[in-house]
Every structure is written in structure tokens, then in C-alpha cells.
Amino acid sequence: MSLLNRSPLLHVMVNAVRRAARSLIRDYGEIEHLQVSEKGPSNFVNTANKKAEKTLIENLSQSRPGWSFIFGDKQHIEGEMSDYKWIFDALDGTTNLLHGIPYFSISVAAQHLDEIIAGVIYDPLKDEIFHAEKGSGAYLNDKRIRISARKSLNNSIVATNIPIHQNQNHKLFLREIEQFMKTASGLRSKGATALDLAYVAAGRYEGF
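Here's what I pulled together on the structure shown here. (Residues numbered from 1 in each chain as written. Predicted model: local features only at pLDDT ≥ 70, side-chain atom pairs only at ≥ 80, totals over all residues. Heavy atoms only, no water.)

Along strand β6 (residues 128-133), five of the six residues are buried, which leaves the element largely enclosed by surrounding structure. Here strand β5 (residues 115-123) folds back onto β6, and the loop between the two strands holds four residues, one of which, Asp127, carries a positive phi near 55°. Note: β6 against strand β7 (residues 138-140), three bridges, orientation antiparallel. Bridged to Ala132 within β7 is Ala138. Hairpin connection of β6 to β7: four residues between the antiparallel strands, including Gly135 at a positive phi of 80°. (Buried < 20%, exposed > 50% of the residue type's maximum accessible area, 1.4 Å probe, protein only. Helix = DSSP H or I, 4+ residues; strand = E, 2+ residues; numbered from the N terminus. Pairing = 2+ DSSP bridges.)

Moving on: the nonpolar core. Counting residues in each nonpolar core, the largest one holds 34 residues, and the members touching the most others are Met13, Leu56 and Trp86. What Met13 contacts, discounting residues up to four positions off in sequence, is Leu60, Trp86, Val108, Ala109, Ala110, Ala118, Gly119 and Val120. (Core = buried A, V, L, I, M, F, W, Y, C linked by side-chain atoms within 4.5 Å. Contact = heavy atoms within 4.5 Å.)

Glancing now at the environment of Gly66. You can see Gly66 is positioned in the loop between α2 (39-63) and β1 (67-71). The spacing of Gly66 and Tyr84 is 18 residues in sequence and 8.3 Å in space, taken between C-alpha atoms. Setting aside anything within four residues of it in sequence, one finds Gly66 in contact with Gly79, Glu80 and Met81.

If you trace the backbone, Pro163 turns up in the loop between β9 (157-159) and α4 (170-183). Note: C-alpha distance between Pro163 and Phe173 (10 residues apart in sequence) is 7.8 Å. Beyond its immediate sequence surroundings of up to four residues, Pro163 is in contact with Gln168, His170 and Phe173.

A separate point is the sheet that holds β6. Strand order across the open sheet formed by eight strands is β2-β1-β3-β4-β5-β6-β7-β8, with mixed pairing between neighbours. Two strands close off the open sheet at either side, each with one partner strand: β2 (75-77) and β8 (143-144).

In most cases, non-glycine residues show a negative phi, while peptide bonds are predominantly trans. For Leu113, which is not glycine, the phi torsion reads 55° and is therefore positive. With respect to the secondary-structure elements, Leu113 resides in the loop between β4 (105-112) and β5. Unusually for a residue other than glycine, Asn141 sits at a positive phi of about 55°. With respect to the secondary-structure elements, Asn141 resides in the loop between β7 and β8. Judged by its relative accessible area of 22%, Asn141 is partly exposed.

The geometry of an aromatic ring pair is captured by the separation of the ring centres together with the interplanar angle, meaning the angle of the planes. Enumeration according to the criterion identifies eight aromatic pairs in this entry. An angle of 5° between the planes, with centres 5.0 Å apart, marks the rings of Phe71 and Phe88 as stacked. Placement of the pair is Phe71 in strand β1 and Phe88 in strand β3 (residues 81-92), with a sequence separation of 17 residues. You can call Phe71 buried: its relative accessible area is 6%. Between the aromatic rings of Tyr103 and Tyr199, the centroid separation amounts to 6.0 Å while the plane-to-plane angle is 90°, which identifies the pairing as edge-to-face. Note that Tyr103 is positioned in the loop between α3 (94-98) and β4 and Tyr199 in helix α5 (residues 193-201), a separation of 96 residues in sequence. Linked through ring pairs, Tyr103, Phe130, Tyr199 and Tyr205 together constitute an aromatic cluster. The side chain of Arg204 reaches across the aromatic face of Tyr199, ending 4.6 Å from its centre. (Phe/Tyr/Trp six-rings, centres within 6.5 Å; stacked < 30°, edge-to-face > 60°. Lys NZ or Arg CZ within 6 Å of the ring centre and 35° of its normal.)

Structure (C-alpha cells):
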């Protein structure tokens, strides 16, 4: 199902992420003009995230009144239709945006009961929309996507996130990553998990 022939549900989701992306693109353009300090840019990016969250909630609520929301740091908005939920991340790649690195995304999923029925991941700077709906396959804009045909690690590229927080098990991560370094063709850590997973779905990476 291409963007030209998407379902009403995907139409709602795509419109919502595009509208939320407008402010993120403007804010990304302002990052380089900010004074390089710990407080200023961090507050600026936090505000950018909140603006995108507000836009998503407003647009999704207007199109599907009564649906619940799960977003941000385990934030919930309970709707009248508890069987249906929007799950979204208004800015995946916050640190990248903070540093002016052009790799971040907006992601939205639609859930019915305990099942995800549709999902959209949008890279606003490349204008790439990865979207899928139950039973209809996965697409990048209007082109069907499939996972990579490579079968072995020695010619595969694997993406990862490097843990930085104190509560992460760094020793375990280093042991795991060492095994991939011995075998894989390459490792990538670009700082936006949703986009990394979309790249796996599109065959750009072999794994995450």
C-alpha cells in the first residue's frame, strides 16, 4: 500500500507526523545559531520535543476522538475508547538534534487491544516515511521494502545503541559488541533507534 493509496488510518498518521515535523525542521535550523552552553540548547530541544508532542496529540485526537495515548517518559492520556491507543515518540534522536546531527525521527503506532495494527516512522530531513499496516506489507514512501537478502554476518552491517547511562550494563555490552566486531562487516551507532530499525526493515542494515 503506497502513500498514494494508503488507508484512512495511515492517512491520519502520515498527516500527523508531517505536521509535527514542521516545527522540528525549523528548530533544527536554529540549533547552529544558539549559544553553545549546557542550559540553552538543552532547554531549546526539550521545548521542540514538547511542541511536536502537542501537535501529534492535537491532530491524532481530532481524527480519532477518544483514543488513548502513550508517549514520552511513560506518559498516558486515557481516552473513552480504551481498546484503541496511539503510541508515539515525537523526537527519537534528541541528542542528535541537540548537536545539529541530521539523524532523528518521529514515530507513531496504532494499537487495538494488545496488537499493533499500523506504524509510521518519519525522517523529516530526508522526507522519508517508513510505514506498515497489518496485512499490507511495509513501504518507504511509495516503494515496497524488504529485509536484506544477506545471510552471513561477515558481509552484514549491524546497528546498535551504545549505552551511556550509569545504570546500563557496560561490561555485558562490550562483550556482546566484541563478538560482532570479530565477524560483522561493520557496526553503526547513529543515535535514533526507530530509524535504525526502519533501516533494517528496508534492507539498509542487516540487524540491530
